[in-house]
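The chain contents come next:
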Amino acid sequence: MAEPHRIVIVGTGLAGATAAGTLRQQGFTGQVLLLGQDTHRPYELPALSKGILLGDTTDPDWVHDESFYADHDVDLRLSTTVAEIRPGDREVVEAGGAVHPYDRLLLATGSAPRRLDLLPGAGLAGLRTLRTLDDARALRAELTEGRRVVIVGAGWIGCEVASAARTHGAEVTVVDPLPLPLHRVLGDRIGGVFRDLHAEHGVAWRLGVGVNAFLGEGTGEGTVTGVALADGTELPADVVVVAVGAAPRVELAHAMGLELAYPGGVAVDEGLRTSAPDVYAAGDIAAQTHPRYGGRVRVEHWANAKDQGAHVAANLLGAHEPYTASPYFFSDQYDLGMEFRGLADPTTDELVVRGDPAAREFTAFWLRDGAVRAAMNVNMWDDGDALAALVDSGARVDPAKLVAGDLADVMG
Ligand SMILES: Cc1cc2nc3c(=O)[nH]c(=O)nc-3n(C[C@H](O)[C@H](O)[C@H](O)COP(=O)(O)OP(=O)(O)OC[C@H]3O[C@@H](n4cnc5c(N)ncnc54)[C@H](O)[C@@H]3O)c2cc1C
């Protein structure tokens, strides 16, 4: 495959910006055009629900210094929406009409928060979601002492927003139709650890009950003033945050006829190639045929966006290396920090716990067919490499040694 002259990247998030930087690191001297809707230069998202909401900082971690783009001849165009891609003509079309030819294209359009648009009152002003730096700064200003904050959704972002809001002294209620926070990822026992953590910090849970409507002055206009639950309860609120997950932004991919994956994302092969010639996808939108897991894997986490962004650069230049990394993510809530490696199904995988969940110093392992599918260390930071090796090995382990043994010695 001949080296390309013009590479266009759609999306200035972590995946897109990392790919642009890596192309230059790898010595690519052709045109790199990086197009994105955001008004800020590329930044990482984790601080949005942590340091920025906590007020520790007003800036996120930027992917590159401000001068990087000019210094490395990366043509970064912010506040730019891509409206259409014409794969037959190898052209990207901006909403404003400008047309950019490409030899290789990277789609890195990320995800958008789900909004519960079908519920009555979903159009009320003041309903907040959290995805961009501007969202985070605006929400930070609202999380103040005594304000009544209702968070819809007890996933990672809902839990992190609750933690920040309580730290500022807001009155926080979190609503979720599932019986426990983070239930889909962590299951009953470990989900209970997070329920107790937040309860101890003063969060009021409304678990096992859904939202029926957002309340306000009228149902379509005005500002949100509360949330109506399916059991008839009405929760008055000064701030309502909808944190019910995100959906991959596949509109462009769909319109240009790329193969999509069920239940979401752009289908890519082991080397992050889409179904169209010379078009790749990375980050939140990429549903990869993962060499380790066999089926399609789509990961909405920081490390995946960063690592796939770096990995895809060589493939854009003509290599075809499979992306093999296991999923990894982290979260911080109050004084609890955790890392999670791998992919598990807590409803069917066997849970083995090392350490003391009540003291919030433990490691949870999820085993399938005798091997560690996933591991989560909570407030324990010495075993990261051993946990990564365990998850990546796929080797059968002795569960008793996981509970109380040398982690370097549990395979076999
Ligand atoms: C608040 C928050 C906190 C998080 N915290 C953590 C964490 O602690 N740990 C962790 O592992 N993960 C965390 N994540 C997830 C992680 O940050 C994301 O998975 C990752 O950043 C995704 O990067 P991306 O580049 O694929 O997508 P995005 O960051 O979503 O970037 C995609 C970009 O594409 C642009 N775009 C989309 N369509 C178009 C178009 N048509 N034209 C032009 N531009 C377009 C968007 O505007 C956006 O800027 C967090 C996410 C959020 C929202």
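Please read all numbers here as calculations on a predicted model, not as lab measurements.

Rules and cut-offs
- Residues numbered from 1 in each chain as written.
- Predicted model: local features only at pLDDT ≥ 70, side-chain atom pairs only at ≥ 80, totals over all residues.
- Heavy atoms only, no water.
- Near = heavy atom within 4 Å.
- Polar contact = N/O pair within 3.5 Å; in protein donor to acceptor, adjacent residues only side chain to side chain.
- Areas by Shrake-Rupley, 256 points an atom, 1.4 Å probe, with all protein chains shown as cover.
- Helix = DSSP H or I, 4+ residues; strand = E, 2+ residues; numbered from the N terminus.
- Nonpolar A, V, L, I, M, F, W, Y, C, P; charged D, E, K, R; others polar.
- Domains from an automatic or database assignment.
- Phe/Tyr/Trp six-rings, centres within 6.5 Å; stacked < 30°, edge-to-face > 60°.
- Buried < 20%, exposed > 50% of the residue type's maximum accessible area, 1.4 Å probe, protein only.
- Axes fitted to C-alpha atoms, helices over the stretch in contact; angles between N-to-C directions.
- Parallel < 35°, antiparallel > 145°, perpendicular 65-115°, else oblique.
- Left-handed = near helix turned anticlockwise from the far one by under 90°.
- Contact = heavy atoms within 4.5 Å.
- Core = buried A, V, L, I, M, F, W, Y, C linked by side-chain atoms within 4.5 Å.
- Pairing = 2+ DSSP bridges.
- Salt bridge = Lys/Arg side-chain N within 4 Å of Asp/Glu carboxyl O.
- Buried area = accessible area lost by both parts, 1.4 Å probe.

Below, the discussion takes up the site of the ligand. Taken together, 32 residues sit near the ligand, with A15, K50, V82, R131 and D284 positioned nearest. For the ligand, an oxygen atom lies 3.5 Å from a polar atom in the backbone of S111. The contact in question runs from an oxygen atom of the ligand to an N or O atom on the backbone of F330, over 3.1 Å. Considered on its own, the ligand offers 1000 Å² of accessible surface; in the complex 93% of this is hidden by protein. Elements supplying a minimum of two residues to the shell around the ligand: α1 (14-25), α8 (302-316) and β22 (328-333). Considered class by class, the residues forming the shell around the ligand number 14 nonpolar, 13 polar and five charged. When residues of the shell around the ligand are assigned to domains, at least three fall in each of domain 1 (6-112 + 247-316) and domain 2 (127-244).

Right, let's get into the packing of aromatic side chains. When we look at a pair of aromatic rings, we describe it by the centre distance and by the angle of the planes. Applying the stated rule across the entire model yields eight aromatic pairs. Measuring from ring centre to ring centre gives 5.6 Å for W302 and F330, while their planes differ by 80°; the resulting arrangement is edge-to-face. On the criterion of sequence distance, the pair formed by W302 in helix α8 and F330 in strand β22 is long-range, its members being 28 residues apart. Given a relative accessible area of 27%, W302 falls into the partly exposed group. With relative accessibility at 27%, the residue F330 sits in the partly exposed group. Plain terms: the ring middles of F329 and F340 are 5.1 Å apart, the flat faces sit at 20° to each other, and that makes the pair stacked. Taken together, the residues F329 in strand β22 and F340 in strand β23 (residues 336-342) connect sequence positions eleven residues apart.

The next subject is the packing of α1 against α8. As a packed pair, α1 and α8 sit with axes 7 Å apart at the nearest point and diverge in direction by 40°. What the angle tells us is that α1 and α8 run oblique. Classified by chirality, the crossing of α8 by α1 is right-handed. Residues L14, A15, T18, A19, T22 and L23 of α1 form the contact with α8, whose participating residues are W302, A305, K306, G309, A310, V312, A313 and L316. Considering only residue class, the contact of α1 with α8 consists of ten nonpolar, three polar and one charged.

This next bit is on the nonpolar core. Core analysis: the largest hydrophobic core is formed by 48 residues, its most contacted members being I9, L23, I85, L105 and L107. Ranked by the residues each element gives to this core, the list is headed by α1, at six residues. Contacts of I9, omitting those with residues within four sequence positions, involve G16, A19, A20, L23, V32, L33, L34, L35 and L106. In terms of nonpolar packing, the next biggest core, distinct from the first, is built from 43 residues, A165, F194, V241 and F340 among them.

Turning our eyes to something else, we now look at the environment of R354. With respect to the secondary-structure elements, R354 resides in strand β24 (residues 350-356). R354 sits in the buried class, given a relative accessible area of 15%. Between the C-alpha atoms of R354 and A230, which are 124 residues apart in sequence, the distance is 38 Å. For R354, the residues in contact, after removing those within four places along its chain, are F362, T363, F365, D383, K401, L402, V403, A404, G405 and L407.

Backbone-to-backbone hydrogen bonds join strands into a sheet, with any given pair of strands oriented parallel or antiparallel. In spatial order, the strands read β9-β16-β10-β11-β12; together these five strands make up an open sheet with parallel pairing. Since the sheet does not close on itself, it has two edges, and those belong to β9 (127-128) and β12 (204-207), each with one partner. Where strand β11 (residues 171-176) meets β12, four bridges bridge the pair, whose relative direction is parallel. The residue bridging V174 from the neighbouring strand is W205, located in β12. Sitting on the sheet, helix α5 (residues 156-167) touches β10 (148-152), β11, β12 and β16 (239-242), and the angle it makes with β11 is about 165°.

In this structure the tally under the stated criterion is 23 salt bridges. The partner of D75 in a salt bridge is R77, with the nearest N and O atoms 2.8 Å apart. One connected set of salt bridges, linked through shared partners, spans E84, R86 and E91.

On domain assignment, one finds that the protein chain holds domain 1 (6-112 + 247-316), domain 2 (127-244) and domain 3 (335-409). Between the C-alpha centres of domain 2 and domain 3 the distance comes to 29 Å. Interface area for domain 2 against domain 3, summed over the two sides, is near 1100 Å², with a carbon-plus-sulfur share of 75%. Our count for the contact surface shared by domain 2 and domain 3 stands at one salt bridge. Here E200 ties to R360 by a salt bridge, and the two come within 2.9 Å at their closest N and O atoms. Taken together, the links from domain 2 to domain 3 amount to one residue pair in polar contact (both at pLDDT 80 or more). Tallying contributions element by element places helix α6 (residues 183-200) first for the side of domain 2 that touches domain 3, with twelve residues. Classifying every residue of the side of domain 2 that touches domain 3 by side-chain character gives seven nonpolar, three polar and four charged.

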